[in-house]
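# Summary of structural features
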Amino acid sequence: TGDNSTEYALNLILGSETEVVVAHGHRRVLKDVLPFSEFLTDAFGRRHSYLRISLTEKCNLRCQYCMPEEGVKLTPRSQLLTTEEVLTLARLFVHEGVEKIRLTGGEPLIRPDVLHIIAEMRKLEGLKTIAITTNGINLARVLPGLKKAGVDLLNISLDSLVPAKFEFIVRRKGFHKVIEGIDKAVEMGYNPVKVNCVVMRGLNEDELLDFVALTEKKPLDVRFIEYMPFDGNKWNFKKMVSYAEMLDHIKQQWPNLEPLPGDETGTAKAFRVPGFKGQLGFITSMSDNFCGSCNRLRITADGNLKVCLFGNSEVSLRDFLRSGASDEELLQIIGAAVGRKKKQHAGMFNISQMKNRPMILIGG
Ligand SMILES: C[S@@+](CC[C@H](N)C(=O)[O-])C[C@H]1O[C@@H](n2cnc3c(N)ncnc32)[C@H](O)[C@@H]1O
Ligand code: SF4
């Protein structure tokens, strides 16, 4: 009705706990409807409440899809964000309305101050979820510390259940350590434990059913990720297995696979085999992008704000921090970058021709 929309509009303008005179003259107190930060809202109304921070460019694996064989040129240490800089930015974003921070990399668990960073973030009022994406190599050892420091959500990458194939894909050893990490995460009560699997034709697409079978007894959320093009990863369309094809294959074995309600940002399309403890999902960034509901921003280890995983426009927050910019000035910079965010990415073929960073230098 007209009254409701007037009330809603006033509410947006005036914010929470505000007495609002609605059109028909009644006074009402509206609670908890703070307007979302203008700096984190883009031209299409997307509210960016999810921040991914890369803690390092280094990694103890060399995954084929993430980095070129010859490695990447690492940024000198002095140009990487310090502990204090990471925390200053986290504080600023959470103050503006970020509710979830994911720590990623490179391999976040090899950063020596990772537990300290998490424990400090845990103190930030308004931050609901701290998540971490890890390759699982050091996980079993650091899990008690992570839990104590306050990690809520774990995503562990695993692309093959065959040790020799695992080693081929990641160009290093360590399969059993990852499995140990996943089992320990389940034991310690993480539920679900998310397992990220990048599906590549001719490499691991024949293991889809084995990954689904893992969800029978364990509370795992196996997420099949469409192979995405990044600098140096030799992506080509033929190596990508689309969501439609994966789903079709899985349904031949489990025809009664049931769709589950997705998360509100729609990144994963979720399913469950009836009777199985865990679930599965598909991250369809290539064949069916979820740009329309994207709520993510990224900060690279060298302090650049990246508003889109597949865009090459970046702004150095580190340089502004180091030149003594005030919070207000930083917010203006952030707001301008968010304001330039495109409606959607350029499509997989264009992306594959574009200059970006290798994934390891972005933070997935
Ligand atoms: C860059 S890694 C960083 C965190 C950690 N080292 C790990 O592997 O989980 C984050 C995620 O990006 C995914 N990823 C990397 N390159 C990718 C690509 N070309 N296509 C799809 N996913 C990719 C990885 O599988 C991983 O789940
Ligand atoms: S995907 Fe993760 S584990 Fe693999 S090379 Fe990239 S950063 Fe390292």
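None of these values were measured; they are calculated from a predicted model.

### Concerning the overall build of the protein chain
Each helix and strand counted, the protein chain has eleven helices and 14 strands in total. For the protein chain, the C-alpha radius of gyration of 21 Å lies close to 21 Å, the compact-globule estimate for 364 residues. Here the C-alpha coordinates of the protein chain stretch approximately 70 × 55 × 45 Å along the principal axes. Looking at the protein chain as a whole, 39% of its 364 residues are labelled buried. Taking as baseline every contact in the protein chain between residues at least 6 positions apart, the subset at least 24 positions apart corresponds to 71%.

### Notes on the site of ligand 2
Among the 14 residues in the neighbourhood of ligand 2, the closest are listed as Cys 59, Leu 61, Cys 63, Cys 66 and Asn 135. Residues belonging to the shell around ligand 2 are distributed by class as follows: eight nonpolar, four polar and two charged.

### Some remarks on the nonpolar core
Within the largest apolar cluster, 87 residues are counted, with the highest numbers of intra-cluster contacts made by Ile 101, Ile 156, Cys 197 and Phe 224. Ile 101 has contacts with Leu 51, Ile 53, Ala 90, Met 121, Leu 127 and Ile 130, leaving out every residue within four places of it along the chain.

### Overview of the UniProt feature "domain: Radical SAM core" (unreviewed entry) in the protein chain
Residues given the UniProt feature "domain: Radical SAM core" (unreviewed entry) here are residues 43-256. Strand forms 16% of residues 43-256 and helix 34%; the C-alpha atoms that close the span are 41 Å apart.

### Examining the site of ligand 1
Among the 20 residues in the neighbourhood of ligand 1, the closest are listed as Ser 157, Asn 196, Met 228, Met 359 and Gly 364. Secondary structure elements with two or more residues in the shell around ligand 1: strand S5 (129-134) and strand S7 (193-199). Broken down by class, the residue content of the shell around ligand 1 amounts to ten nonpolar, nine polar and one charged.

### Looking at the sheet that holds S5
Pairing is mixed across the open sheet formed by twelve strands, whose spatial order is S9-S10-S11-S8-S7-S6-S5-S4-S3-S12-S13-S14. The sheet terminates laterally at strand S9 (258-259) and strand S14 (314-316), the two strands that pair on one side only. Across the sheet, helix H8 (residues 243-253) lies against S7, strand S8 (220-226), strand S10 (268-272) and strand S11 (279-283), angled at about 155° from S11, the strand it touches most.

### What about the confidence of the model for the protein chain?
In the predicted model, the protein chain carries a mean pLDDT of 90, and the fraction of residues at 70 or more is 91%. Taken together, the stretch residues 1-31 has pLDDT below 50 and engages in 29 contacts with residues farther than four places along the chain or on a different chain.

### Some remarks on the packing of helix H4 (residues 139-149) against helix H6 (residues 175-187)
Remark: H4 packs on H6, axes separated minimally by 8 Å, with the N-to-C direction vectors making an angle of 30°. When the axes of H4 and H6 are compared, the pair comes out roughly parallel. Packed against H4, whose contacting residues are Leu 139, Ala 140 and Leu 143, the element H6 presents Lys 177, Glu 180, Gly 181, Lys 184 and Ala 185 at the interface. Considering only residue class, the contact of H4 with H6 consists of four nonpolar, one polar and three charged.

### A look at the environment of Glu 328
Among the secondary structure elements, Glu 328 is positioned in helix H10 (residues 327-339). Once the C-alpha coordinates of Glu 328 and Leu 317 are considered, the two residues, eleven residues apart in sequence, prove to be 13 Å apart.

### Overview of the pairing of strand S4 (residues 100-104)
When you tally the buried positions in S4, you get four out of five residues, the bulk of the element. In this view, the connection linking strand S3 (residues 50-54) to its parallel neighbour S4 by way of helix H2 (residues 83-95) has right-handed handedness. Direction of pairing for S4 relative to S5: parallel, over a ladder of four bridges. Bridging across to S5, Arg 102 finds its partner in Ala 131. Considered for its hand, the β-α-β crossover made up of S4, helix H3 (residues 114-122) and S5 is right-handed.

### Section: the packing of H3 against H4
Their axes nearest at 8 Å, the elements H3 and H4 cross at an angle of 20°. In this view, H3 runs roughly parallel relative to H4, as classed from their interaxial angle. H3 and H4 meet at a crossing whose hand is right-handed. Between H3 and H4, the contacting residues are Leu 115, Ile 118, Ala 119 and Arg 122 on the first element and Gly 145, Leu 146 and Ala 149 on the second. A class-by-class count of the residues in the contact of H3 with H4 yields five nonpolar, one polar and one charged.

### Thoughts on the environment of Leu 158
With respect to the helices, strands and loops of the structure, Leu 158 is situated in the loop between strand S6 (153-157) and helix H5 (163-170). Residues in contact with Leu 158, not counting those within four places in the same chain, are Gly 136, Val 178, Val 195 and Cys 197.

### Structural notes on unusual backbone geometry
Between Asn 191 and the following residue, Pro 192, the backbone shows a cis peptide bond with an omega angle of 0°. Here Pro 192 is to be found in the loop between H6 and S7. With phi around 55°, Lys 234 is a residue other than glycine that occupies positive phi space. On the basis of neighbour counts, which here come to 11 C-beta atoms within 10 Å, the residue Lys 234 falls in the exposed class.

The rules behind the values
- Residues numbered from 1 in each chain as written.
- Chains lettered and ligands numbered in written order.
- Predicted model: local features only at pLDDT ≥ 70, side-chain atom pairs only at ≥ 80, totals over all residues.
- Helix = DSSP H or I, 4+ residues; strand = E, 2+ residues; numbered from the N terminus.
- Rg over C-alpha atoms; globule rule 2.2 N^0.38 Å.
- Buried ≥ 20, exposed ≤ 12 C-beta atoms within 10 Å, placed from the backbone.
- Contact = placed C-beta atoms within 7 Å.
- Near = placed C-beta within 6 Å.
- Nonpolar A, V, L, I, M, F, W, Y, C, P; charged D, E, K, R; others polar.
- Core = buried A, V, L, I, M, F, W, Y, C linked by C-beta atoms within 7 Å.
- UniProt positions renumbered as here; feature names shortened; annotations may be inferred.
- Pairing = 2+ DSSP bridges.
- Axes fitted to C-alpha atoms, helices over the stretch in contact; angles between N-to-C directions.
- pLDDT = per-residue confidence, 0-100.
- Parallel < 35°, antiparallel > 145°, perpendicular 65-115°, else oblique.
- Right-handed = clockwise from strand over helix to strand, strands pointing away.
- Left-handed = near helix turned anticlockwise from the far one by under 90°.

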